[in-house]
Amino acid sequence: REKDDKYKSWMPKFRMAKEYKDKRKSIDDVERNIFKFKKSSEEKSGKREKEEKIFRETFMYDKEISVISTATAERSVPSERRADLPVTAGEQLDVIDVTEGHAVICRNSEGRYGYVLVEHLNFR
């Protein structure tokens, strides 16, 4: 027995298979995260459609919704009425339509619509 052990060459244990399984699991997780991302984007688009429907009903807006320009909110303003859009300082807004007076109809990054006073916006 000693002679057999003496002449036996030492071979490293191959752990590649286990490491490969770990890598493969992480690749599967990444692919699953991609599919989850697609689901959430579908949910977001559904939410945006719902917000658009509420906007059209509330404001009786029948024109095509198109972005005229973008603006940045200079200060935070809470909404006083249901039709007003609550704004936080530094938030990017899409200007949808200009109304009579000092207000414009804007859309925030969440897809909500509402009136914002021109005084609170910076058009740069």
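Further up the page is the structure itself.
Quick notes on the rules
- Residues numbered from 1 in each chain as written.
- Predicted model: local features only at pLDDT ≥ 70, side-chain atom pairs only at ≥ 80, totals over all residues.
- Heavy atoms only, no water.
- Pairing = 2+ DSSP bridges.
- Helix = DSSP H or I, 4+ residues; strand = E, 2+ residues; numbered from the N terminus.
- Core = buried A, V, L, I, M, F, W, Y, C linked by side-chain atoms within 4.5 Å.
- Buried < 20%, exposed > 50% of the residue type's maximum accessible area, 1.4 Å probe, protein only.
- Contact = heavy atoms within 4.5 Å.
- Lys, Arg positive; Asp, Glu negative; His and termini not counted.
- Salt bridge = Lys/Arg side-chain N within 4 Å of Asp/Glu carboxyl O.
- Polar contact = N/O pair within 3.5 Å; in protein donor to acceptor, adjacent residues only side chain to side chain.
- Phe/Tyr/Trp six-rings, centres within 6.5 Å; stacked < 30°, edge-to-face > 60°.

Undergrad: Please clarify how the sheet that holds strand 3 (residues 103-107) should be interpreted in this entry.
TA: The strands making up a sheet associate through backbone hydrogen bonding, with each pair oriented either parallel or antiparallel. As summarised here, the arrangement of the 5 strands in space is 4-3-2-1-5, forming an open sheet in which the pairing is antiparallel. Of all the strands in the sheet, the pair left with one neighbour each is strand 4 (113-117) and strand 5 (121-122). Of the strand pairs in this sheet, strand 2 (residues 92-98) and strand 3 are connected by 4 bridges, and their pairing is antiparallel. In the strand pairing of strand 3, V95 is matched with C106.

Undergrad: How do you make sense of the nonpolar core when you look at a structure like this?
TA: Soluble globular proteins tend to bury their nonpolar side chains together. Core analysis: the largest hydrophobic core is formed by 10 residues, namely A71, A73, L85, V87, L93, V95, V104, C106, V116 and L121. With residues up to four places along the chain from it excluded, the contact list for A71 reads E91, Q92, L93, V95, L121, N122 and F123. Counting 7 residues, the second-largest nonpolar core is a separate cluster that includes F55, Y61, I65 and Y113.

Undergrad: Help me out: how do you make sense of unusual backbone geometry in this one?
TA: Trans peptide bonds make up most of the peptide bonds, and negative phi angles are found at most residues other than glycine. Phi is positive for M60, close to 50°, though the residue is something other than glycine. Within the secondary structure, M60 is located in the loop between helix 2 (16-59) and strand 1 (69-73). Here M60 falls in the exposed class, since its relative accessible area comes to 71%.

Undergrad: What am I meant to see in the side chain of E91 here?
TA: Within the secondary structure, E91 is located in the loop between strand 1 and strand 2. For E91, which is buried and forms no salt bridge, the nearest opposite charge comes from R112, at a distance of 8.8 Å. Separated by 3.1 Å, the side chain of E91 and the backbone nitrogen of T88 make a polar contact.

Undergrad: I would appreciate a short explanation of the packing of aromatic side chains in the present structure.
TA: The relation between two aromatic rings is expressed through the spacing of the ring centres and the mutual angle of the planes. Tallying each qualifying case throughout the model produces 4 aromatic pairs. Centre to centre, the rings of F55 and F59 are 5.0 Å apart; their planes meet at 45°, and the pair counts as tilted. Separated by 4 residues within a single helix, F55 and F59 lie in helix 2, roughly one turn from each other. Neither F55 nor F59 differs from the other in exposure class; each is buried. When the ring of F55 is compared with that of Y113, the centres are 4.3 Å apart and the planes differ by 20°; the resulting orientation is stacked. Separated by 58 residues along the polypeptide, F55 in helix 2 and Y113 in strand 4 bring together distant segments of the chain. Overall, the relative accessible area of 2% leaves F55 in the buried class.

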